[in-house]
Amino acid sequence: MSMQRPAGRPQSPSGKRRPLKSGLLIAAVVLCVPLVVFIYQARQSGLPIGQLFEHVFNAARPSAAGEGSPKSRRGRKIDFLTPVPIGFPSSSPPRIGSLEIVDLDRDSLPDILVADMLAQRIGWIRQSPPGVFAEQWIGAELPAPAHVSAFDIDQDGDLDVLVACMGLLFPSNDRIGSVVIPENDGRGTFNSHLIWGSTNEDYGSSGIRLVDLNRDGKLDVLLTNGDAFDYLPPRPRPWHSVQWLENRGTFSFEHRSIARYMGASGAVAADLDGDGDLDVAAVTCYNFWERPDAQSISWFENDGNMNFTERDISAVPTHLISLESGDMNRDGKPDLVTVRMNVYQPFSNDGRVVLWLNNWGRAGRQTP
């Protein structure tokens, strides 16, 4: 009589399905998480989904136009700016967030507003009489005022002061920032247009302003990238630069490089040499300050064809965070005003607010 071998233990089909289910779960996570992040970014940026898709796909290409900032042509220094410290002297390394040149008292003499993050006050450097600048605090103490601007909010004929406050100068997750803005009396609807974007996550955008740089009747965008607080200590990066976006019409902008500029923190456009075209002046907050020749303020001379020659202005004071341009002494030439944000070494108390008077007529035009 033949003996049958006992049947083996039946295999559960779940053993074969488990890898399939795990794979499907992983695939779902891989697909869904980026989609959720993408939708979140679209809502945060306010951009239409289609435009954000286009930006992401363009960023995935090996290289994007405008990423590299070529070294500018360098010319020799022309001494035509005279630095004049104005405002309160500082007993500690200055920490000024921003400034604005404005005739606050409407006496036909330009004054200066500064957001002093160390004193937690707004300073009004009033010019009266001509050529004499005296500072006074306006308003109450504010938590880390970062930006100040003057505007007739209530339309009563005088200028009010708007202040954006960070709450704290250094990074914090607390919800302590605040800003006061005029209400929009229209429908309050705004459309977003992405006109340019970097593929570099550490790009460090630091300053932006609208100006018709090539004087073709359309507003261009002058911008700097040089923020360096992603690194400790903050150090300049090879891609830091001054650049502009040429307005080609209908929200079409073309990226144009002006120059590499280590730690660039802000730039203005002004006809500094009086030849009829707009030059660019720039400051840096995050340069190699251990090098004695590291410039904190420079200008880029326009040859009239949007080609720029970099020229030194000064290596001191260091840590310049912002600048503005205006005819401060009413001589027909644009002057510069700079402010200082000294939050890392080397520390010093000088250069809180500096007026750079333009003496081009006396300096004379010199060859490169």
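So, a few notes on the structure that sits alongside this text. (Residues numbered from 1 in each chain as written. Predicted model: local features only at pLDDT ≥ 70, side-chain atom pairs only at ≥ 80, totals over all residues. Heavy atoms only, no water.)

### Some details on the pattern of salt bridges
Counted by the stated rule, this structure contains 15 salt bridges. The partner of Arg-74 in a salt bridge is Glu-310, with the nearest N and O atoms 2.9 Å apart. The class of Arg-74 is partly exposed, set by a relative accessible area of 48%. Between Arg-311 and Glu-301 there is a salt bridge; the shortest N-O distance is 2.8 Å. Placement of the pair is Arg-311 in strand S17 (residues 308–314) and Glu-301 in strand S16 (residues 297–302), with a sequence separation of 10 residues. Given the relative accessible area of 1%, Arg-311 is considered buried. (Salt bridge = Lys/Arg side-chain N within 4 Å of Asp/Glu carboxyl O. Buried < 20%, exposed > 50% of the residue type's maximum accessible area, 1.4 Å probe, protein only. Helix = DSSP H or I, 4+ residues; strand = E, 2+ residues; numbered from the N terminus.)

### Examining the sheet that holds strand S2 (residues 81–85)
Spatially, the 4 strands line up as an open sheet ordered S2-S20-S19-S18, and their pairing is antiparallel. What marks the edges here is a single partner per strand, and that holds for S2 and strand S18 (320–326). Strand-to-strand twist of the sheet, defined as the mean angle between neighbouring strand axes without regard to direction, takes the value 25°. Sheet topology note: the strand S19 (residues 335–340)/strand S20 (residues 353–358) ladder contains 4 bridges and is antiparallel. From the neighbouring strand, Thr-338 faces S20, where its bridge partner is Val-354. (Pairing = 2+ DSSP bridges. Axes fitted to C-alpha atoms, helices over the stretch in contact; angles between N-to-C directions.)

### Notes on the nonpolar core
One recurring pattern in soluble globular proteins is that nonpolar side chains are buried together. The biggest cluster of nonpolar side chains holds 25 residues, and the ones touching the most others in it are Ile-112 and Val-114. Of all the secondary structure elements, the ones that give two or more residues to this core are strand S3 (96–102), strand S4 (111–116), S19 and S20. Sort the elements by how many residues they give to this core and S20 lands first, with 3 residues. With sequence-adjacent residues up to four places away left out, Ile-112 is seen in contact with Ile-86, Leu-99, Glu-100, Ile-101, Val-102, Gly-123, Trp-124, Ile-125, Met-328 and Val-337. Ala-281, Trp-299, Leu-323 and Val-354 belong to the second-largest nonpolar core, a separate cluster that totals 17 residues. (Core = buried A, V, L, I, M, F, W, Y, C linked by side-chain atoms within 4.5 Å. Contact = heavy atoms within 4.5 Å.)

### Some thoughts on unusual backbone geometry
A cis amide bond links Val-316 to the next residue, Pro-317, at an omega of -5°. Within the secondary structure layout, Pro-317 lies in the loop between S17 and S18. Although it is not a glycine, Ser-108 adopts a positive phi angle of roughly 70°. In this structure Ser-108 comes out as exposed when scored by relative accessible area, which is 54%. With a phi close to 55°, Ala-144 is a non-glycine residue in the positive phi region. With respect to the helices and strands, the residue Ala-144 is situated in the loop between strand S6 (133–138) and strand S7 (145–151). Residue Ala-144 is classed as buried on the basis of its relative accessible area of 4%.

### Thoughts on the environment of Trp-360
With respect to the helices, strands and loops of the structure, Trp-360 is situated in helix H3 (residues 360–363). Given a relative accessible area of 10%, Trp-360 falls into the buried group. It is 9.9 Å that separates the C-alpha atoms of Trp-360 and Pro-334, two residues lying 26 residues apart in sequence. A polar side-chain atom of Trp-360 sits 3.3 Å from the main-chain carbonyl oxygen of Asp-273. (Polar contact = N/O pair within 3.5 Å; in protein donor to acceptor, adjacent residues only side chain to side chain.)

### Regarding the pairing of S16
Counting buried residues in S16 gives 6 out of 6 residues, a clear majority hidden from the surface. Of the strand pairs in this sheet, strand S15 (residues 279–284) and S16 are connected by 4 bridges, and their pairing is antiparallel. Paired with Ala-282 across the two strands is Ser-298, which belongs to S16. Relative to S17, S16 runs antiparallel, the two being bridged by 6 bridges. Across the sheet, Glu-301 pairs through a bridge with Thr-309, a residue of S17.

### Remarks on the packing of aromatic side chains
For the structure on display, the rule yields 7 aromatic pairs. Between the aromatic rings of Tyr-261 and Phe-300, the centroid separation amounts to 5.7 Å while the plane-to-plane angle is 85°, which identifies the pairing as edge-to-face. Of this pair, Tyr-261 sits in the loop between strand S13 (252–260) and strand S14 (264–270) while Phe-300 is found in strand S16, placing the two residues 39 residues apart along the sequence. By way of ring pairs, the aromatic residues Phe-80, Trp-299 and Trp-360 are connected into one cluster. A cation over a ring is seen here: Arg-291 above Phe-288, with NZ or CZ 4.0 Å from the ring centre. (Phe/Tyr/Trp six-rings, centres within 6.5 Å; stacked < 30°, edge-to-face > 60°. Lys NZ or Arg CZ within 6 Å of the ring centre and 35° of its normal.)

### Observations regarding the sheet that holds S16
One open sheet accounts for 5 strands, arranged S1-S17-S16-S15-S14; its pairing is mixed. Two strands in the sheet have a free side with no partner beyond their single neighbour: strand S1 (73–74) and S14.

### Brief notes about the pairing of strand S11 (residues 220–225)
Most of S11 is tucked away: 6 of the 6 residues are buried. Here S11 shows two buried faces, one formed by Asp-220, Leu-222 and Thr-224 and the other by Val-221, Leu-223 and Asn-225. Looking at chain direction, strand S10 (residues 205–211) and S11 are connected through 6 bridges and run antiparallel. Residue pairing in the sheet places Val-211 in a bridge with Asp-220 of S11. Inspection of the sheet shows S11 paired to strand S12 (residues 241–249) by 5 bridges, in the antiparallel sense.

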